[in-house]
Amino acid sequence: MKKNFVILIFLLSVTNINTSVFASSYLLEIGSGINKIVSTQVICHSFDDSIKSIELNVMNVLKNDVEEIFNELFEINFPIYMASGFIESRSITEGTQISLHSYGAAIDINELINPYFNIQTMKMDPERSSDRDKDLKLITANLSNWNIMGDELTSVLKIVIQEEGSDDRFLNREIKRKGMITDKVVSIFRNHGFNIWGGKWRQPMDFMHFQIPRVLAEKLLEVDEATAQDLWKKHKRSIQKKNIFQTMWSKAFDFVKKCRKYCCIATE
Ligand SMILES: [Zn+2]
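In this text the structure is predicted, and so the values were computed from the model without any measurement.

1. Details of the overall build of the protein
A count of helices and strands for the protein gives eight helices and nine strands. Classification of the 268 residues of the protein by burial places 26% in the buried group. In the protein, of all internal contacts separated by at least 6 residues, the share reaching a separation of at least 24 is 63%.

Structure (structure tokens):
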């Protein structure tokens, strides 16, 4: 893929093709990785307290971990009304770079409660209206696209439709809502290799979005399955090592804090 990419860059430089052509040419490039996209059914709690199954399309090497992520989300009773993985030919919103969803290496969860927001353009995704009635229509249409009907629709609407006069568009993460990405959810994804969460980004913010590192995703598409499995295991091991280091560091920090407290009391 890298070699083809170099050829593509060369062709672009000699033919002066504009960026939109570049984007579609690049999509042809990742097209060869589409045969690495596999489907899996995951079980989750829905907003009306029933249990449902969601189909997710992801890169083959990530399938087991994605299934384990959703098993763990199920165990902590995390409600999910929608989750999406692979989205064909998707470019990063307002950008020319290809989204990791096109690699099957990103997952979005409960988008209305965990939205995408661009401060510069004030663009919010999914689209919301400042008019409450219009908002209700937009959201209902959005949810019906996800086959959210009946009791679940009512229960999701109860959470995502703002109270009269409210200006809150779910960007205030201090208000805890059902289905909102929590630290626990972030750590479940992280432990299974999805160590990048869009909620940590400052511009744009993408609270629904989890992904693996871009360089790794490109490498995984490029190599054979055995090498991909190996690379993926190494990536997860390096995260586990960082986790151990962070735990040790925070324990040491707590110990120092306790010691300081004790010393202060002793010298009073
Ligand atoms: Zn996303």
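2. Regarding the confidence of the model for the protein
On average, residues of the protein carry a pLDDT of 85, and 83% of them reach 70 or more. Scored below 50 in pLDDT, residues 1-28 shows 18 contacts in the model against residues more than four places distant or in partner chains.

3. So, unusual backbone geometry
In this chain, Asp125 is followed by Pro126 through a cis amide linkage whose omega measures 5 degrees. Along the polypeptide, Pro126 turns up in the loop between β6 (123-125) and α4 (132-145). Between Gln203 and Pro204 the backbone carries a cis peptide bond, its omega angle lying at -10 degrees. Residue placement: Pro204 occurs in the loop between β7 (196-197) and β8 (205-206). Positive phi is not limited to glycine here, since Asn77 has a value of about 60 degrees. By secondary structure assignment, the location of Asn77 is in the loop between α3 (63-75) and β3 (83-84).

4. Digging into the pairing of strand β2 (residues 51-59)
The pairing of strand β1 (residues 37-45) with β2 spans nine bridges and is antiparallel. Within β2, the position partnered with Thr40 by the bridge is Leu56.

5. Some words on the nonpolar core
Met59, Leu73, Ala105, Phe189, Ala217 and Leu220 are the most contacted members of the largest nonpolar core, which has 47 residues in total. It is α3 that provides the largest number of residues to this core, a total of four residues. For Met59, the residues in contact, after removing those within four places along its chain, are Lys36, Ile37, Tyr103, Gly104, Ala105 and Leu220.

6. Focus: the environment of Tyr103
Summarising the element assignment, Tyr103 is placed in the loop between β3 and β4 (106-109). You can call Tyr103 buried: it has 26 C-beta atoms within 10 Å. C-alpha separation for the pair Tyr103 and Glu218, spaced 115 residues apart in sequence, amounts to 7.8 Å.

7. Here's the deal with the packing of α3 against helix α6 (residues 183-191)
Think of two packed helices as two axes; the pair is described by the angle between the axes and how far apart they sit. Where α3 contacts α6, the axes come no closer than 9 Å and their chain directions differ by 155 degrees. By the angle between their directions, the pair α3 and α6 is classed as roughly antiparallel. In the crossing of α3 with α6, the sense of the turn from one axis to the other is right-handed. Counting all contacts with α3, which are made through Ile69, Glu72 and Leu73, the residues of α6 involved are Val185, Ile188 and Phe189.

Cut-offs applied
- Counting starts from 1 at the beginning of each chain's written sequence and moves along it residue by residue.
- Residues qualify for local features only when their pLDDT is at least 70, as the model is predicted, and side-chain atom pairs are given and counted only at 80 or more; totals for whole chains, interfaces and linings, by contrast, use all residues.
- The secondary structure listing takes helices from DSSP runs of H or I that are at least 4 residues long and strands from runs of E that are at least 2 residues long, numbered from the N terminus.
- Counts of 20 or more other C-beta atoms within 10 Å of a residue's own C-beta define buried residues, counts of 12 or fewer define exposed ones, and intermediate counts define partly exposed ones; C-beta atoms are placed from the backbone.
- Contact between residues is assigned whenever the C-beta positions, reconstructed from backbone atoms, fall within 7 Å.
- Confidence scores labelled pLDDT are given residue by residue by the predictor and lie between 0 and 100.
- Pairing between strands is defined by DSSP: at least two bridges between them are needed.
- By convention the nonpolar core is taken to be a set of buried residues drawn from Ala, Val, Leu, Ile, Met, Phe, Trp, Tyr and Cys and joined through C-beta atoms within 7 Å.
- Each axis is a line fitted through C-alpha atoms, and for a helix only the stretch in contact is used; angles between axes span 0 to 180 degrees, taken between their N-to-C directions.
- Roughly parallel here means an angle under 35 degrees, roughly antiparallel means over 145, roughly perpendicular means 65 to 115, and every remaining angle is called oblique.
- Helix crossings fall into two classes, left-handed where the near helix is turned counterclockwise from the far one by less than a right angle and right-handed where it is turned clockwise.

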